[in-house]
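# Reading the structure
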Amino acid sequence: MLKTKIAVLVSGGGTNLQALIDAQEKGMLKSGEITLVISSSNTAFALERAKKYGIPTATVSKKACANQAEFEHEIQASLIGHGAQLVVLAGFMSILSAEFVAKWPKRIINVHPSLIPSFCGEGFYGLRVHEAALEYGVKVTGATVHFVNEIPDGGEIILQKSEPVHKHDTPETLQKRVMERAEWIILPRAAELVSKNILKEGSDYGN
Ligand code: GAR
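Residues numbered from 1 in each chain as written. Predicted model: local features only at pLDDT ≥ 70, side-chain atom pairs only at ≥ 80, totals over all residues. Heavy atoms only, no water.

### Here we look at the overall build of the protein
For the record, the criterion: Helix and strand definitions follow DSSP, with helices as H or I runs of at least four residues and strands as E runs of at least two, each counted in order from the N terminus. C-alpha atoms define the radius of gyration, and 2.2 Å times the number of residues to the power 0.38 defines the globule rule. We call a residue buried when its accessible area falls under 20% of the maximum for its residue type, exposed when it is over 50%, and partly exposed in between, using a 1.4 Å probe and counting protein chains only. We call two residues contacting when some pair of their heavy atoms lies within 4.5 Å. Each accessible area is a Shrake-Rupley result for a 1.4 Å probe, and residues are judged covered by the shown protein chains and nothing else. For the charge count, each Lys or Arg is scored as positive and each Asp or Glu as negative, with His and the chain ends excluded. One atom stands in for each charge, and that atom is NZ of Lys, CZ of Arg, CG of Asp or CD of Glu.
When helices and strands are counted, the protein shows six helices and seven strands. Reading the protein from its N terminus to its C terminus gives the helix and strand order β-α-β-α-β-α-β-α-β-α-β-β-α. Taken over the C-alpha trace, the protein has a radius of gyration of 16 Å; the compact-globule value for 207 residues is 17 Å, and the two agree within 12%. Residue burial in the protein is summarised as follows: out of 207 residues, 50% are buried. For the protein, restricting intrachain contacts to residue pairs at least 6 apart in sequence, the fraction spanning at least 24 positions comes to 67%. Total accessible area on the protein stands at roughly 10,100 Å², and carbon and sulfur atoms take up 54% of it. Distance between charge centres in the protein, computed from 22 positive and 22 negative side chains, equals 7 Å.

Rendered as structure tokens:
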């Protein structure tokens, strides 16, 4: 069966990448196949996860690049070289420029650990998002998967899942629950939905 070629961009532990791999193994992610993992750090544990399953990996180190344009040029070259059709940002800790995202309209999705439009945009990533939610005192938070456009965390929402905040939550306990009960569930589902649509449209992007 023809499948959408998925490239996953990561920066750290890669638990969301693992959720995608698990969904693929179980046949829940069936319209797409992870054919490349690109990490912005050569020490990211996500790279080990990919290698364990024989998924090709590439590292594009931001530090080693002269500027954002060079960083994105290298990512683009790797994506094109592997024939990627869908880009999944799974804990990728760099904001991509408007020029870059314009090359992939409705072909980049991102998982964010809050219910957008709360606690999102520039500066809101990882644990910081949960610290902000606890500081504000919200009683419900969650995760969002959305298309990526030129506005950080501002693209069209694909899926969201809520999670109650508990009285004694710390940023760490809240992060863990949001991951387990929201992110790892909706990211594979969204990847399947978008992969299926790409197959239907049969179009090529990113060139
Ligand atoms: C996840 O919680 C993801 O939602 C978040 O970083 C974590 C990465 O964990 N992403 C952002 O905050 C993006 N704004 P992982 O490497 O284990 O998937």
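### A closer look at the sheet that holds strand 2 (residues 32-39)
Threshold: Two strands are said to pair when DSSP picks up at least two bridges between them. Only the stretch in contact is used when a helix axis is fitted, and all axes are lines through C-alpha atoms; the angle between N-to-C directions ranges over 0 to 180 degrees.
In spatial order, the strands read 3-2-1-4-5-6-7; together these seven strands make up an open sheet with mixed pairing. Across the chains shown, the open sheet's two edge strands, defined by having one partner strand only, are strand 3 (57-59) and strand 7 (157-164). On average, each strand axis in the sheet is inclined to that of its neighbour by 20°, with strand direction left out of account. Its contacts with the sheet place helix 6 (residues 171-201) against strand 1 (4-10), strand 2, strand 4 (86-89), strand 5 (108-112), strand 6 (140-147) and strand 7, and it is angled at close to 160° to strand 7.

### Overview of the pattern of salt bridges
Our working definition: Salt bridges are defined by distance alone: a side-chain nitrogen of Lys or Arg within 4 Å of a carboxyl oxygen of Asp or Glu.
Going through the model one piece at a time under the given rule, you end up with seven salt bridges. Linking Glu131 and Arg128 is a salt bridge whose minimum nitrogen-to-oxygen distance equals 3.7 Å. Of this pair, Glu131 and Arg128 both sit in helix 5 (residues 127-136), three residues apart, roughly one helical turn. Between Glu163 and Arg181 there is a salt bridge; the shortest N-O distance is 3.0 Å.

### Description of the site of the ligand
Rules: A cutoff of 4 Å decides nearness: a residue is near a molecule or strand if any of its heavy atoms lies inside that distance of it. Definition of a polar contact: a pair of N or O atoms within 3.5 Å, with one able to donate and the other able to accept a hydrogen when the atoms are protein atoms, and with sequence-neighbouring residues admitted only if both atoms are side-chain atoms. Grid points spaced at 1 Å and placed over the protein atoms alone form the basis of the search, with a cavity being a set where a 1.4 Å probe fits but cannot get out and a pocket an open set showing protein on both sides within 12 Å along at least five of seven lines. Lining residues have an atom within 4 Å of a point. For a molecule to be placed in a cavity or pocket, more than half of its atoms must lie within 2 Å of the grid points of that cavity or pocket.
Near the ligand there are 14 residues, and of these Gly14, Thr15, Asn16, Gly126 and Glu183 occur at the shortest range. The contact in question runs from an oxygen atom of the ligand to an N or O atom on the side chain of Glu183, over 2.6 Å. Coverage of the ligand by the protein chains reaches 92% of its 450 Å² of free accessible surface. Cavity membership is defined here by more than half of the atoms lying within 2 Å of grid points; on that basis the ligand lies in the largest pocket.

### Focus on the side chain of Asp169
Examined against the element boundaries, Asp169 turns out to sit in the loop between strand 7 and helix 6. Judged by its relative accessible area of 13%, Asp169 falls in the buried class. Within the structure, the side chain of Asp169 is placed 2.7 Å from the side chain of Arg177, a separation counted as a polar contact. Beyond its immediate chain neighbours, meaning those up to four positions away, Asp169 contacts Leu134, Pro164, Leu174 and Arg177.

### Some thoughts on the layout of surface pockets
As a reminder of what qualifies: Grid points are joined across faces, edges and corners, and a volume is the space filled by probe spheres set on the points. For this scheme, ten residues count as nonpolar: Ala, Val, Leu, Ile, Met, Phe, Trp, Tyr, Cys and Pro. Four count as charged, namely Asp, Glu, Lys and Arg, and the remainder, Gly too, count as polar.
Taken as a whole, the largest pocket encloses approximately 710 Å³ of empty space. Forming the boundary of the largest pocket are 38 residues, of which Gly91, Phe92, Met93, Asn110 and Tyr125 lie nearest the centre. Counting residues per element, the ones that place at least two in the lining of the largest pocket are helix 1 (15-26), strand 5 and helix 6. Considering only residue class, the lining of the largest pocket consists of 15 nonpolar, 18 polar and five charged.

### Some words on the packing of helix 1 against helix 2 (residues 45-52)
In plain terms, the rule: Here roughly perpendicular refers to angles of 65 to 115 degrees, roughly parallel to angles under 35, roughly antiparallel to angles over 145, and oblique to all remaining angles. In a left-handed crossing the near helix is turned counterclockwise from the far helix by less than a right angle, and in a right-handed crossing that turn is clockwise.
Their axes nearest at 9 Å, the elements helix 1 and helix 2 cross at an angle of 15°. When the axes of helix 1 and helix 2 are compared, the pair comes out roughly parallel. The two elements helix 1 and helix 2 cross, and the hand of that crossing is right-handed. Side by side, helix 1 and helix 2 meet where Thr15, Leu17, Gln18 and Ile21 of the first sit next to Ala46, Arg49 and Ala50 of the second. Considered class by class, the residues forming the contact of helix 1 with helix 2 number four nonpolar, two polar and one charged.

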